[in-house]
Amino acid sequence: MIGWLLAAPALAVLALAFLWPMAGLFRISLNRTTETGAMEVALTTDSYTRLIEDDFTRELVWNTVTLAASSAALAVALALPIALLVRGASPRWRGLLALAAVAPLLVSGTARLVGWMAILGDRGMINALLTGMGLSSGPLALINNWTGVRIGLVESLMPYAVLVLLAGLGRLDPKLEEAAATLGANRFRTFLRVTLPLAAPALLAAWLLTLVLGISAFITPRLMGGGRVFVLATEIYDLALETVDWPGAAALAMLLLGGLLALMILRGVVAAFFSASRAEKTP
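In this report, we go over the structure that sits alongside the text. (Residues numbered from 1 in each chain as written. Predicted model: local features only at pLDDT ≥ 70, side-chain atom pairs only at ≥ 80, totals over all residues. Heavy atoms only, no water.)

Brief notes about the environment of E155
Here's step 1: Looking at the secondary structure, you find E155 in helix α7 (residues 146-169).
Here's step 2: Residues E155 and L78, spaced 77 residues apart in sequence, show a C-alpha to C-alpha distance of 9.6 Å.
Here's step 3: For E155, the residues in contact, after removing those within four places along its chain, are P104, R112 and W116. (Helix = DSSP H or I, 4+ residues; strand = E, 2+ residues; numbered from the N terminus. Contact = heavy atoms within 4.5 Å.)

Observations concerning the pattern of salt bridges
Here's step 1: In the structure shown here, the tally under the stated rule is seven salt bridges.
Here's step 2: What emerges from the salt-bridge pattern is a single network uniting R32, E40 and D46. (Salt bridge = Lys/Arg side-chain N within 4 Å of Asp/Glu carboxyl O.)

Topic: unusual backbone geometry
Here's step 1: Here the phi dihedral of N144 falls at roughly 60°; this positive angle occurs in a residue that is not glycine.
Here's step 2: By secondary structure assignment, the location of N144 is in the loop between α6 (125-132) and α7.
Here's step 3: For V244, which is not a glycine, the phi torsion comes out positive at approximately 55°.
Here's step 4: Summarising the element assignment, V244 is placed in the loop between α12 (232-242) and α13 (246-281).

Quick look at the packing of helix α5 (residues 109-120) against α7
Here's step 1: For the pair α5 and α7, interaxial distance at closest approach is 11 Å and the crossing angle is 140°. In terms of orientation, α5 lies oblique with respect to α7. The handedness of the crossing between α5 and α7 is right-handed. Two secondary-structure elements touch here, α5 through R112, L113, W116 and L120 and α7 through I151, G152, E155 and S156.
Here's step 2: Looking at the contact of α5 with α7 residue by residue, the classes come out as four nonpolar, two polar and two charged. (Axes fitted to C-alpha atoms, helices over the stretch in contact; angles between N-to-C directions. Parallel < 35°, antiparallel > 145°, perpendicular 65-115°, else oblique. Left-handed = near helix turned anticlockwise from the far one by under 90°. Nonpolar A, V, L, I, M, F, W, Y, C, P; charged D, E, K, R; others polar.)

Right under this line is the structure:
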């Protein structure tokens, strides 16, 4: 009882800041858009039916999931060496290296993307370097396409992956790696046969978290895509502010929210499964 009383203020804030707006959004999704574009108060699932039956919505879902899944996998793959470096550093430098790894989170995501647009542009640093070295006869298309969006998304997801991996790798017993080295295994074999299997739960957790963040990303596809990359978040924006189809935008937002909640529940189930498996193996 005392625990519920202590949690009551936080639960009230959560209800006002999240549940109440979500309830309002769900109510809007049940309204109807007339032929003139006006929103008519109603209780209908026409917006959900129209979105589910639309081939363009299915294409958006596929593009969004594949973009987020590939970007999350690449972000986790790039974050793993960083996490291992921080984990293996001396206590004197470990905190500083961890801070440097997550320092991009201290800078506005929009500012970082503007920097990437300057670097990857037709007259940016990378194209100037490639052209100057004779490796390219002309500027490469690195922005305003899926390549640019993927680069920006991987960079924005990496700090989150590093945080999750640091938390997961910090639970590993270094004595297991020392035992492998004592038995004659080199560093690569120790990593492949001991560290990597033990880090599998952390890798999966990092991928699921970055997958959720990638699916819900809006600024990166909007800026780095140059209006040529369409995902669920950008479609919600277009429906709400350009087409002015508020019920359709609300319905698509609710479908996206439902998918994200399902992924978060899956992440919790997977984490609980690995924790239970590890507890059973612990003598």
